[in-house]
Amino acid sequence: MRSNEAGVPLLFQGQVRAGDGAALAGAIVEIWHADDEGFYSQFAPSLPEWNLRGTVVADDQGNYSIRTAQPAPYQAPADGSCGRLIRAAGWHARRPAHLHLKVSADGHHLVTTQLYFKGGSHVADDIASAVKPELILDPTPVSDSTGREVTYDFVLDKA
Ligand SMILES: [Fe+2]
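Conventions and cut-offs
- Residues numbered from 1 in each chain as written.
- Predicted model: local features only at pLDDT ≥ 70, side-chain atom pairs only at ≥ 80, totals over all residues.
- Heavy atoms only, no water.
- Core = buried A, V, L, I, M, F, W, Y, C linked by side-chain atoms within 4.5 Å.
- Buried < 20%, exposed > 50% of the residue type's maximum accessible area, 1.4 Å probe, protein only.
- Helix = DSSP H or I, 4+ residues; strand = E, 2+ residues; numbered from the N terminus.
- 1 Å grid on protein atoms, 1.4 Å probe; cavity = no way out; pocket = protein on both sides within 12 Å on 5 of 7 lines; lining within 4 Å.
- Points joined across faces, edges and corners; volume = space filled by probe spheres on them.
- Nonpolar A, V, L, I, M, F, W, Y, C, P; charged D, E, K, R; others polar.
- Donors = N, O, S within 2.8 Å, 3.2 Å for Na, K, Ca; no water.
- Tetrahedral: all angles 85-135°; square planar, octahedral: opposite > 155°, others 65-115°.
- Pairing = 2+ DSSP bridges.

A. Spatial organisation of the nonpolar core. Judged by nonpolar contacts, the single largest core of 25 residues is most densely connected at Phe12, Val16 and Phe154. For this core, the secondary-structure elements that each account for two or more residues are strand 1 (9-18), strand 2 (28-33), strand 4 (63-69), strand 7 (98-104), strand 8 (111-117) and strand 12 (154-156). Considering each element in turn, this core owes the most residues, four residues, to strand 1.

B. Structural context of the layout of surface pockets. Each pocket or cavity is described by its volume, and for the largest pocket that value is around 230 Å³. Taken together, Trp32, Gly38, Phe39, Tyr40, Phe43, Ala44, Arg53, Tyr74, Gln75, Pro77 and His100 make up the lining of the largest pocket. Of the residues contributing to the lining of the largest pocket, the split by class is seven nonpolar, three polar and one charged.

C. Representation of the coordination of the iron ion within the structure. Taken together, the protein ligands of the iron ion are Tyr40 (OH), Tyr74 (OH), His98 (NE2) and His100 (NE2), with distances of 2.0 to 2.1 Å. Around the iron ion sit four donor atoms; with metal-centred angles ranging over 90 to 160°, the donor geometry is irregular.

D. Geometry of the pairing of strand 2. A one-sided burial pattern is seen for strand 2, the buried positions being Val29, Ile31 and His33 and the unburied ones Ile28, Glu30 and Trp32. Of the pairings in the sheet, the one linking strand 2 to strand 3 (residues 53-57) comprises five bridges and is antiparallel in character. Paired with isoleucine 28 across the strands is valine 57, a residue of strand 3. Two elements, strand 2 and strand 7, share six bridges in a ladder whose sense is antiparallel. In the sheet register, glutamate 30 faces strand 7, and the bridge partner there is lysine 102.

Shown next, in the form of structure tokens:
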């Protein structure tokens, strides 16, 4: 992230485990998300190419920890055939704030998902209809800080 990245600081952490509960040491957590204005690097030309995109390797206990800034909701692109469909149907084009994630480990199936924020705008009416209860984060304030933190564990099936 930029040194002056706007937005509420977010500590996103947890453990990656196998289905039998064993920690997956060295699991790979790839994360990317929009900034505090709802813009993605590599799409918004004003942002550094890899802003708010990264790969983290879990430790020997499968634990990962990522310090970032909470993303904002955004409007999906309204051009092209997707935009024509949205306009014809009379829908809005808003997506709730979310984190994109890919979690992987040797010998296990990759998980690709998105995680949302409890109480956020458009959690209940995501244009992509992608929100599910088990994908909603509920970060809590960090004491002595303006930021928030949340723990979320991933369980990967054996390949
Ligand atoms: Fe997104």
